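Coordinate analysis (summary)
For reference, the chains in residue letters:
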Amino acid sequence: MPSINVNGVEIEQDEDGFIVDPNLWNEDVAKALAAQEGISELTDEHWKVVNYLRNYYLQFQIAPMIRKLCKETGFSLKKIYELFPSGPAKGACKVAGLPKPTGCV
Amino acid sequence: MPEYKGLKMPAKASVEDMRRIHIEPVPDDQKVEKAIQYLDEMRKKFRSFVLAMESCVKCGLCAENCHTYLGTRDPNNIPTNRAELIRKIYRRYFTLEGRWFGKLVGAEDLNLDIIEQWYSYFYQCNECRRCAHVCPFGIDTCEVTMIGRQILHWLGIVPKLHADVGAAMERTGNHTGLTKPAIVDTLEFLSEEIKDEFGVDVEFPVDKEGADIMYVPSSADFLLNPYTLMGAGMFFTYIGANWTIPSTITEAGNFGLLFDQQHTMRHNFTRLLHAAQKLGVKKIVWGECGHGWRAWKMYLPGMADLPIRWPITHIHDEVAYYIRTNQLKLDPNKIGRPVTLHDPCNYVRACGMAETLRTVIRACVADFREMYPNKENNFCCGGGSAILFDDPEMYQLRIKFSQKKAEQVRATGVGRDGNGILCAPCSICKAQLYPMVEEHQLGVEVKGLIDLVGMALVWK
């Protein structure tokens, strides 16, 4: 199993780089995950997406509908792909510490 | 991605993942013996499987009819060769000539390498059954894939994607892991979206006891396919239905069909019947999901543990009925874009829905262009049986598997001006085609069929 070390804490990841225990997430973990995604710096726009996803997940235990993510952040899907090149599910959700989505997605 | 002697294979479920779906993986030193025992059980149970083992004459007709072979040119992706991976073992242990003459008659001892080869190639088969459709002997090679996957499941070898879906289904009643609050939140959001875009009031009742219709959507609609849910909501509202969505089974799919028909598929059936019983509904209407519709329509009656007291219909059949009886006003000019239709394999080759799809789409769009071959001769999208793996090497395979589909879409010309619609009324097809229309630069947007119904409805 791959893992990343953030501030001395070893955080386990699955094969696709999603963290296994979403409770271990914090802003430094987000930065480390973003670096793995090839995002060198998390801007305010990145944080807007990450925080929205994170809060939605804490409330509902799942990611929001992509259309809702776009509406609530005010970003188009294209813009989200610019911010997170792997896309909303495999990029943004990963940085926000959500588990990998399953099913026909 | 796991490496095994150059074989391409999706990430495997871990031991813990397998335990979550009730399987204790068989240790390597017992795998061969166990696999032979399971194979023996399957051949005694399924005549369709024995037919495939005994009757193939290797005429080769299936080769050029299989999109995975056309896309990869890997000889093991020729349907008869894929089946041969099991057939040579069957011959060795369960036929007289194989026991006596071994390799001389194409029989082979089972070993771990062959089991890994099963895993690689049975998860490169989309279970689309186009080979079965053309086979002069009527051999359904998909049945061989299904039995191969069932045996692998019992051995503890399942893709992580499929095992995680099985676990999510048991935990939440749907494949994506939606909780009831998330379901309600998303549906309230869509009510607002419908009001904004179409100016009509649509409510999505959840767990409404005493509803007439229980609508079972695909859980992927809640993440990726807003217009499919919106279209269904608008349709039920338009016809004045007393309907509801059950939170205990918000899932039209049934991955049990794809990796474990014996337990996972049956468990989902039971869950559905409990939901219908509890809500006291009169009818169950199915959402857009190809493999799921095949499971529920074709397998449920023979496998359910409980009596089935409810008619189960597909929403496309419902819409087609309302169109044929002139009860639905649709304006085909509202969607002013060229549209082509991808026939989901399970709808047309397993469930006879080709004409239904056309009744609906012709009523919804003015510029409808068929792709060829179509209907029951159609080619798979390349995602069939949830081969939606995104590890880099598997993703490259998905691009190859969808090559034939891309050629078909291109030939219709709908994407020439970059504003075409590729209608693909199945969640797996959608999940496969969303990225694939970009990879192949087809100039089309992927939509479901109920999406188009919602857009074309004319409200009083």
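In this text, all values refer to a predicted model and were calculated from it rather than measured experimentally.

Brief notes about the overall build of chain B
Regarding its fold elements, chain B presents 22 helices and 8 strands. Its C-alpha radius of gyration of 22 Å places chain B within 12% of the 23 Å reference for a compact globule of 460 residues. Reported as C-alpha extents along the three principal axes, the dimensions of chain B are approximately 75 × 50 × 35 Å. For chain B, the residues scored as buried account for 64% of the 460 residues in total. Long-range pairs, those at least 24 residues apart, make up 80% of the contacts in chain B between residues at least 6 apart in sequence. Roughly 16,900 Å² of accessible area belongs to chain B as shown, and the carbon and sulfur atoms make up 49% of that amount. Counting 54 positive and 56 negative side-chain charges, chain B places the centres of these two groups 5 Å from one another.

A short note on the pattern of salt bridges
The tally for this structure, following the rule as stated, stands at 44 salt bridges over all chains. B:Asp185 is paired through a salt bridge with A:Lys68; the nearest N and O atoms lie 2.7 Å apart. Placement of B:Asp185 in helix H11 (residues 180-198) and of A:Lys68 in helix H3 (residues 66-73) is noted, with the two residues assigned to different chains. The exposure class of A:Lys68 is buried, given its relative accessible area of 9%. Across the salt bridge formed by B:Glu64 and B:Arg73, the nearest N and O atoms sit 3.2 Å from each other. Judged by its relative accessible area of 46%, B:Glu64 is partly exposed.

Considerations on the interface of chain A and chain B
In this complex, chain A contributes 20 residues to the contact, which on the side of chain B involves 36 residues. Counting the surface lost from both chain A and chain B, the interface buries some 2,300 Å², and carbon and sulfur atoms represent 61% of this. Looking only at chain A, the three residues that lose the most surface to chain B are A:Met65, A:Arg67 and A:Cys104, adding up to 32% of its buried area. Connecting chain A to chain B are 7 salt bridges. Linking B:Asp390 and A:Lys100 is a salt bridge whose minimum nitrogen-to-oxygen distance equals 2.9 Å. At the surface where chain A touches chain B, the tally comes to 11 residue pairs in polar contact (both at pLDDT 80 or more). Those elements giving two or more residues to the side of chain A that touches chain B turn out to be helix H2 (44-60) and H3 of chain A. With 4 residues, the top contributor of residues to the side of chain A that touches chain B is H3(A). Residue composition of the side of chain A that touches chain B, grouped by class: 9 nonpolar, 3 polar and 8 charged.

What counts, and at which threshold
- Residues numbered from 1 in each chain as written.
- Chains lettered and ligands numbered in written order.
- Predicted model: local features only at pLDDT ≥ 70, side-chain atom pairs only at ≥ 80, totals over all residues.
- Heavy atoms only, no water.
- Helix = DSSP H or I, 4+ residues; strand = E, 2+ residues; numbered from the N terminus.
- Rg over C-alpha atoms; globule rule 2.2 N^0.38 Å.
- Buried < 20%, exposed > 50% of the residue type's maximum accessible area, 1.4 Å probe, protein only.
- Contact = heavy atoms within 4.5 Å.
- Areas by Shrake-Rupley, 256 points an atom, 1.4 Å probe, with all protein chains shown as cover.
- Lys, Arg positive; Asp, Glu negative; His and termini not counted.
- Charge placed at Lys NZ, Arg CZ, Asp CG, Glu CD.
- Salt bridge = Lys/Arg side-chain N within 4 Å of Asp/Glu carboxyl O.
- Buried area = accessible area lost by both parts, 1.4 Å probe.
- Polar contact = N/O pair within 3.5 Å; in protein donor to acceptor, adjacent residues only side chain to side chain.
- Nonpolar A, V, L, I, M, F, W, Y, C, P; charged D, E, K, R; others polar.

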